[in-house]
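Next come the chains, spelled out residue by residue.
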Amino acid sequence: MANGYILYEGQSMIDGQDIVVIATGFDKGSANSKTGSMIQTWILCKDIDPREANKLGLDYSICGDCKLRGIAVEPSSDRKLAKDRACYVAIYQAPLNVWKTYKNGGYDYVNGDNAIASLGKDNIIRLGSYGDPSAVPSYIWDSFLFYSKGRTGYTHQSVNQRYDLCMKSADSLDEAMASWDSGIRTFRVIDTVNAMVKGKEILCPASEEAGRRTTCDSCKLCSGSDINAKSIAIVAHGNGAKYI
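Reading the values: rules and limits
Residues numbered from 1 in each chain as written. Predicted model: local features only at pLDDT ≥ 70, side-chain atom pairs only at ≥ 80, totals over all residues. Heavy atoms only, no water. Helix = DSSP H or I, 4+ residues; strand = E, 2+ residues; numbered from the N terminus. Buried < 20%, exposed > 50% of the residue type's maximum accessible area, 1.4 Å probe, protein only. 1 Å grid on protein atoms, 1.4 Å probe; cavity = no way out; pocket = protein on both sides within 12 Å on 5 of 7 lines; lining within 4 Å. Points joined across faces, edges and corners; volume = space filled by probe spheres on them. Nonpolar A, V, L, I, M, F, W, Y, C, P; charged D, E, K, R; others polar. Axes fitted to C-alpha atoms, helices over the stretch in contact; angles between N-to-C directions. Parallel < 35°, antiparallel > 145°, perpendicular 65-115°, else oblique. Contact = heavy atoms within 4.5 Å. Phe/Tyr/Trp six-rings, centres within 6.5 Å; stacked < 30°, edge-to-face > 60°. Core = buried A, V, L, I, M, F, W, Y, C linked by side-chain atoms within 4.5 Å. Pairing = 2+ DSSP bridges. Right-handed = clockwise from strand over helix to strand, strands pointing away.

Undergrad: How would you summarise unusual backbone geometry if you had to cite specific residues and measurements?
TA: Within the chain, D84 stands out as a residue other than glycine whose phi angle is a positive 55°. Inspection of the secondary structure assignment puts D84 in the loop between helix 2 (60-63) and helix 3 (94-103). In this structure, R212 takes a positive phi of about 45° despite not being glycine. One can find R212 in the loop between strand 9 (201-203) and helix 7 (216-219). The exposure class assigned to R212 is exposed, which follows from its relative accessible area of 57%.

Undergrad: So what's going on with empty space enclosed by the protein? Residues and values would help.
TA: Using the criterion set out here, one finds 2 cavities of 30 Å³ or more in the structure. Around the largest cavity, the lining residues are K34, T152, Y154, C204, P205, A206, C216, C219, K220, L221, C222 and I232. Residue classes in the lining of the largest cavity are distributed as 9 nonpolar, 1 polar and 2 charged. Within this model, the second largest cavity holds a volume of roughly 30 Å³.

Undergrad: Tell me about the packing of helix 4 (residues 113-120) against helix 5 (residues 138-145), and please be specific about residues and values.
TA: At a minimum axis separation of 6 Å, helix 4 and helix 5 run at an interaxial angle of 50°. Considering their axes alone, helix 4 and helix 5 lie oblique with respect to each other. Contacts between helix 4 and helix 5 pair D113, I116, A117, L119 and G120 from the former with Y139, I140, S143 and F144 from the latter. Along the lines of polarity and charge, the residues of the contact of helix 4 with helix 5 split into 6 nonpolar, 2 polar and 1 charged.

Undergrad: I'd love a proper account of the packing of aromatic side chains, names of residues and values included.
TA: Taken as a whole and assessed by the stated rule, the structure comprises 3 aromatic pairs. Taking the centre distance of 5.4 Å and the plane angle of 80° together, the rings of Y5 and F26 count as edge-to-face. Of this pair, Y5 sits in strand 1 (residues 4-11) while F26 sits in the loop between strand 2 (18-24) and strand 3 (39-45), placing them 21 residues apart in sequence. Exposure remark for F26: the relative accessible area of 8% places this residue in the buried category.

Undergrad: Would you mind going over the nonpolar core in detail, with residue names and values included?
TA: Judged by nonpolar contacts, the single largest core of 43 residues is most densely connected at L7, I43, Y130, W141 and F144. In this structure Y130 touches T41, W42, I43, L44, D59, I62, C63, R85, V89, I91 and P95, once residues within four positions along its chain are discounted. In terms of nonpolar packing, the next biggest core, distinct from the first, is built from 7 residues, C204, A206, C222 and I234 among them.

Undergrad: Which residues make up the pairing of strand 5 (residues 124-130), and what are the values?
TA: Here strand 5 lies mainly inside the structure; 7 of its 7 residues are buried. Both strand 3 and strand 5 contribute to a ladder of 3 bridges, which runs parallel. Paired with W42 across the strands is Y130, a residue of strand 5. This β-α-β element, strand 5 to helix 5 to strand 6 (residues 150-155), shows right-handed connectivity.

So this is what it looks like as structure tokens:
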């Protein structure tokens, strides 16, 4: 089995621009130390280098209203990425490598509900290792997850979102509280452990502050509102933590 496959090429459900969805990790050769051995899914602008897309704000097609994208700058700017980008994903690493491999014809296409469902069989799937799952048609996720053993996912969007599959990424305590009142589980980035709301949230068990007691593939608490569990909080981390 190849390491990666193209699940979708088509319009973004956010703004109609061309995107691609690529699933990787089938060779199980490079497990993320936090997530464990999960299938990773990369939601990328089809024809734009992901660094350039972020710099110019064209990543709206794949990230939508996420505040962690940073502030877009002019093409003439010497910056490599958007200003004050707070997202922990290092674009110049996996997202860039996946995009380059895709543009070089390094991934095969998988087409049709049955083929996509078979590809996800017995795997634990990370929806949106980069990019927001809401940018992708729901039928892609429904097929890919049909025979899977579980998933994690996060969305910042208020339209076309799948809170049954994904955690609501809350950017403030007020936003989180409004979601809880509606029965929606949240994932919230906080500045210190003390900012966690006890009784409503628990620290991500895979985080450093929680002692890295488990990995995401074993935990699966970030599976959206289909499960009965407290919401999740994590202390800001990664290169963009200072901008949270």
